[in-house]
Amino acid sequence: MLATMGRIFEKRKDRMFARWAKTAKAFTKLGKELAIAVKLGGPDPAGNPRLRAAIQTARSLNMPKDRIEAAIKRASSKDAANLAEITYEGYAPHGVAVIVESATDNPTRTVANVRSVFNRWNGSLATSGALDYLFERKGVFKITPPSGDLDDLELELIDHGLEELFETDDGLLLYSDYTQFGELQRVLEGKKVELVSAGLQRIPMNYIEVTPEQEAEVEKLVNALEEDDDVQHVYYNMKQSSE
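Residues numbered from 1 in each chain as written. Predicted model: local features only at pLDDT ≥ 70, side-chain atom pairs only at ≥ 80, totals over all residues. Heavy atoms only, no water.

Draft legend 1. Broad picture of the pattern of salt bridges. Overall, the coordinates contain 12 salt bridges when judged by the stated rule. Of the charged contacts, one joins glutamate 85 and arginine 50 as a salt bridge, the two residues approaching to 2.8 Å between their closest N and O atoms. With glutamate 85 in strand β1 (residues 84-91) and arginine 50 in helix α3 (residues 49-60), this residue pair connects regions lying 35 residues apart in the sequence. Classification of glutamate 85 as partly exposed rests on a relative accessible area of 46%. In this structure, glutamate 101 and arginine 202 form a salt bridge, with 2.7 Å as the shortest nitrogen-oxygen distance. Of the two residues, glutamate 101 is situated in strand β2 (residues 97-104) and arginine 202 in strand β7 (residues 195-204); the sequence distance between them amounts to 101 residues. With relative accessibility at 8%, the residue arginine 202 sits in the buried group. Each of Lys32, Asp105, Arg109 and Asp230 takes part in salt bridges that share partners, so that together they form one network. (Salt bridge = Lys/Arg side-chain N within 4 Å of Asp/Glu carboxyl O. Helix = DSSP H or I, 4+ residues; strand = E, 2+ residues; numbered from the N terminus. Buried < 20%, exposed > 50% of the residue type's maximum accessible area, 1.4 Å probe, protein only.)

Draft legend 2. Expanded view of the nonpolar core. With 18 residues, the main nonpolar core has Leu34, Leu51, Ile55, Met63, Ile68 and Ile72 as its most contacted residues. Considering every element that reaches this core, the biggest residue donor is helix α2 (residues 26-41), with six residues. Not counting residues within four places of it along the chain, the set of residues in contact with isoleucine 72 comprises Val38, Pro43, Leu51 and Ile55. Grouped together as the second largest cluster of nonpolar side chains are 17 residues, Tyr88, Phe118, Val210 and Val234 included. (Core = buried A, V, L, I, M, F, W, Y, C linked by side-chain atoms within 4.5 Å. Contact = heavy atoms within 4.5 Å.)

Draft legend 3. View of the environment of glutamate 167. Residue position: glutamate 167 is located in strand β5 (residues 162-168). Here the alpha-carbon distance between glutamate 167 and proline 145, two residues 22 residues apart in the chain, equals 8.7 Å.

Draft legend 4. View of the packing of aromatic side chains. Enumeration according to the criterion identifies two aromatic pairs in this entry. Judged by centre distance (4.9 Å) and plane angle (20°), the ring pair of phenylalanine 141 and phenylalanine 181 falls under stacked. Here phenylalanine 141 is found in strand β4 (residues 135-143), whereas its partner phenylalanine 181 is found in helix α7 (residues 181-190), with 40 residues between them in sequence. On the basis of relative accessibility, which here comes to 0%, the residue phenylalanine 141 falls in the buried class. Judged by its relative accessible area of 11%, phenylalanine 181 falls in the buried class. (Phe/Tyr/Trp six-rings, centres within 6.5 Å; stacked < 30°, edge-to-face > 60°.)

Draft legend 5. Molecular detail of α2. Between its terminal C-alpha atoms α2 stretches 22 Å, which fits the 22 Å expected from 16 residues at 1.5 Å a residue. Ala26, Lys29, Leu30, Gly31, Lys32, Leu34, Ala35, Ile36, Ala37 and Val38 are the residues of α2 that are buried. Phi turns positive, to about 90°, at glycine 42, one or two residues after α2. (Expected span 1.5 Å × (residues − 1).)

Draft legend 6. Examining unusual backbone geometry more closely. Of note, the phi angle at asparagine 62 is positive, near 65°, even though the residue is not glycine. Tracing the sequence through the fold places asparagine 62 in the loop between α3 and α4 (65-76). We note that lysine 192 has phi near 60°; this positive angle belongs to a residue other than glycine. In this structure, lysine 192 sits in the loop between α7 and β7. Using a relative accessible area of 74% as the deciding quantity, one classes lysine 192 as exposed.

Draft legend 7. Region of the structure containing the pairing of strand β6 (residues 171-177). Within β6, six of the seven residues are buried, which leaves the element mostly enclosed by the surrounding structure. Sheet topology places β5 next to β6; six bridges connect them, and they run antiparallel. Considered in β6, the bridge of leucine 165 is made with leucine 174. Counting the residues in the hairpin turn of β5 and β6 gives two residues. (Pairing = 2+ DSSP bridges.)

Structure follows, in structure tokens:
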């Protein structure tokens, strides 16, 4: 089941990144992720696993090195915006559950914008914690396939939190236990495995099937949420026709 969910997630992530590129929002969102990582663990990547992961993801989306360095420097200054990570939960049309992760310096603005999107596209916000149980948090790593036997690598990594490993068109996708994300990251780095991207994601436990017309309605809400500069990630449990 996890492998199936992983493949679905990979398709969704590719679509999400494509939308970001079209709207020129990728670097804005990546800059916020870098800033939050600095806030939580300091500006030195060597001692900050989340920052190292954010840098790898930024590189995978072709964020220029000078922009990455500028974002880290800006986040380290005393005048840096005080970003807060806030999660919102709600329903899209047809009972589809939606989790919205945001990074904002103005929670009042963000919740108003998120509520407006849900209302505009026939959805509704839910109370905090109402839908979280429908999703499972996992560490997700994309790596460049290393030389050597993959079976041996998989067996070794299982002891450090690996739950699933499978091939994609452009690399290997690894899923880890949420609580062992940092441990698996350290082991991969220690083995000199090339990390393309890494982060914590929410994977739906089950999917709701909809008609193509209903899918289009849900996608309008999701797209509108992802357009908001304060929104970092949107997760939902709708099974799409291409999955």
